[in-house]
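Results of the structural survey
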Amino acid sequence: MRISLKATGLVLACAAALAGCGGGGGKPLLTLDGAKPLVIAHRGASGYLPEETLEAYAKAIDLGADCIEPDLISTKDGVLIARHDPNLAYSTDVASHPEFANRKRVDWNVDGELQTGWFAHDFTLAEIKTLGAIATDVERPQQYNGQFKVVTFQEIIDLAKSRSVGGRVISVYPETKNPTYHRQLGLPLEDKLIAQLTAAGWNRKDAPVFVQSFEPSSLKYMKSKGLQTKIVQLIDADDYDFKTGGLSYAPPYDRPYDWTLAGDKRLFSDMVTPAGLAEIKTYADGIGPWKPYIVPIKGEFDANGKMKDLNGDGKVDLQDGRTQPPTSLIADAHKAGLFVHPYTFRNEKRRLAFDYAGNPQAEYLQFYRLGVDGVFSDFTDTALAARDAYLREMGY
Ligand code: G3P
Ligand code: CA
């Protein structure tokens, strides 16, 4: 799921963080513009603090992130806030607020998926500000649950600006989340996003802004309405297919939801073909693909067709998958003039393929060596440590 930075001088986007590579005696980097790959703090320092809160974004900046990444959804009163899901039950303590018990919806349709919970479009910003954010991953620190508030996009812009000092520039990387769903609710995201970026003085190509979405129509609409920032097409899939080393495509992760509604039968996989990339180039500057589009993962199977438990922990999962030779996606995208920001890099052992031996830095290093232009990471410090190691290796 995301112009040639070199050609347009977009290196200004994260200028201080990016400056210096491609010269000074090191080997040429394989990124599109020859600059260091960006470290994009996915939902903030979400490995450490409840995601998409001001505290999580501030921590990511403290750790040295180049970009902070919010997912944008709408409140009932039309304010853009940072949450990964319209269902507030997933990332807040709304379920423990008796005053909102009667707002619970059962089997509410979000992009074709029936969900039960409390949905942001039923709450004003003032009401949402009474909720506490919670960690969405039970394996991550839980002690901060309920302590931090849901944050608005404006507060994120203000944070990035206030922390862009001394030559350092913090970029923001907003995603229009479920854009068709929001349009159907009468709460479209796009015009508000453009208005806020314009008011911030950031509606320009060299602004420290990347606007991303899984839905091409959302990105195309914003471009048609005068969005000038860098634009990124996200590319998803449903799951690994350990048998073939490919990916599986089941709803709602088979194709963008706007394609589903339009009856467009193409899959996300059609976006990574040369024709798909050429089409993306007509409205975007880069792609944000799920990682296995670049490094496929495949299992080993016994004579009975059962996947082998390579790490011997009694379970068969990603940790038993072997990395396969990389695809040509980075080269193909770069040839089309698109930068490549794969997602999402995480430290937990259960999220790492067998060949990384539980070492998340090994995964980052592989992707940096392949020439990615940035990485979405839940653990900014690990991404940066691996980038430092990579740059040393390249003679910087
Ligand atoms: O935005 C990049 C990547 O994180 C897309 O996945 O589901 O976290 O928005 P998601
Ligand atoms: Ca195992």
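A few points on the structure.

Criteria and thresholds
- Residues numbered from 1 in each chain as written.
- Chains lettered and ligands numbered in written order.
- Predicted model: local features only at pLDDT ≥ 70, side-chain atom pairs only at ≥ 80, totals over all residues.
- Heavy atoms only, no water.
- Donors = N, O, S within 2.8 Å, 3.2 Å for Na, K, Ca; no water.
- Tetrahedral: all angles 85-135°; square planar, octahedral: opposite > 155°, others 65-115°.
- Buried < 20%, exposed > 50% of the residue type's maximum accessible area, 1.4 Å probe, protein only.
- Phe/Tyr/Trp six-rings, centres within 6.5 Å; stacked < 30°, edge-to-face > 60°.
- Helix = DSSP H or I, 4+ residues; strand = E, 2+ residues; numbered from the N terminus.
- Lys NZ or Arg CZ within 6 Å of the ring centre and 35° of its normal.

Within the protein, the calcium ion (ligand 2) binds to Asp309 (OD), Asn311 (OD1), Asp313 (OD), Lys315 (O), Asp320 (OD) and Asp320 (OD); these donor distances fall in the range 2.2 to 2.7 Å. The coordination sphere of the calcium ion (ligand 2) comprises six donor atoms, whose angles at the metal cover 50 to 160 degrees; the geometry is irregular. Site description for the calcium ion (ligand 2): donor spacing in sequence, D-x1-N-x1-D-x1-K-x4-D. With a relative accessible area of 48%, Lys315 lands in the partly exposed category.

Tallying each qualifying case throughout the model produces 16 aromatic pairs. With 6.0 Å between their ring centres and 20 degrees between their planes, Tyr144 and Phe148 make a pair best called stacked. Phe148 sits in the buried class, given a relative accessible area of 11%. Between Phe214 and Phe268 the ring centres are 6.1 Å apart and the planes differ by 70 degrees, which places this aromatic pair in the edge-to-face class. Of this pair, Phe214 sits in the loop between strand E9 (210-213) and helix H8 (216-224) while Phe268 sits in the loop between helix H9 (257-262) and helix H10 (274-281), and the two are 54 residues apart along the sequence. The two residues Phe214 and Phe268 agree in class, both being buried. The ring of Trp108 is capped by Arg105, whose NZ or CZ atom sits 4.2 Å from the centre of that ring. If you follow Arg266 out to its NZ or CZ, it ends over the ring of Trp259, 4.1 Å from the centre.

Quick look at unusual backbone geometry now. For the bond running from Pro251 to Pro252, omega is 0 degrees, close enough to zero to count as cis. Position of Pro252 relative to the elements: it lies in the loop between strand E12 (246-248) and H9. The amide bond that connects Tyr343 to the next residue, Thr344, takes the cis arrangement and shows omega of -20 degrees. Tracing the backbone through its elements, the reader meets Thr344 in the loop between strand E16 (339-340) and helix H12 (360-370). Although it is not a glycine, Glu52 adopts a positive phi angle of roughly 60 degrees. As for its placement among the helices and strands, Glu52 is situated in the loop between strand E1 (38-42) and helix H3 (54-63). Non-glycine residue Asp111 carries a positive phi angle of around 50 degrees. For Asp111, the position within the fold is in the loop between strand E5 (105-110) and strand E6 (113-117). Judged by its relative accessible area of 15%, Asp111 is buried.

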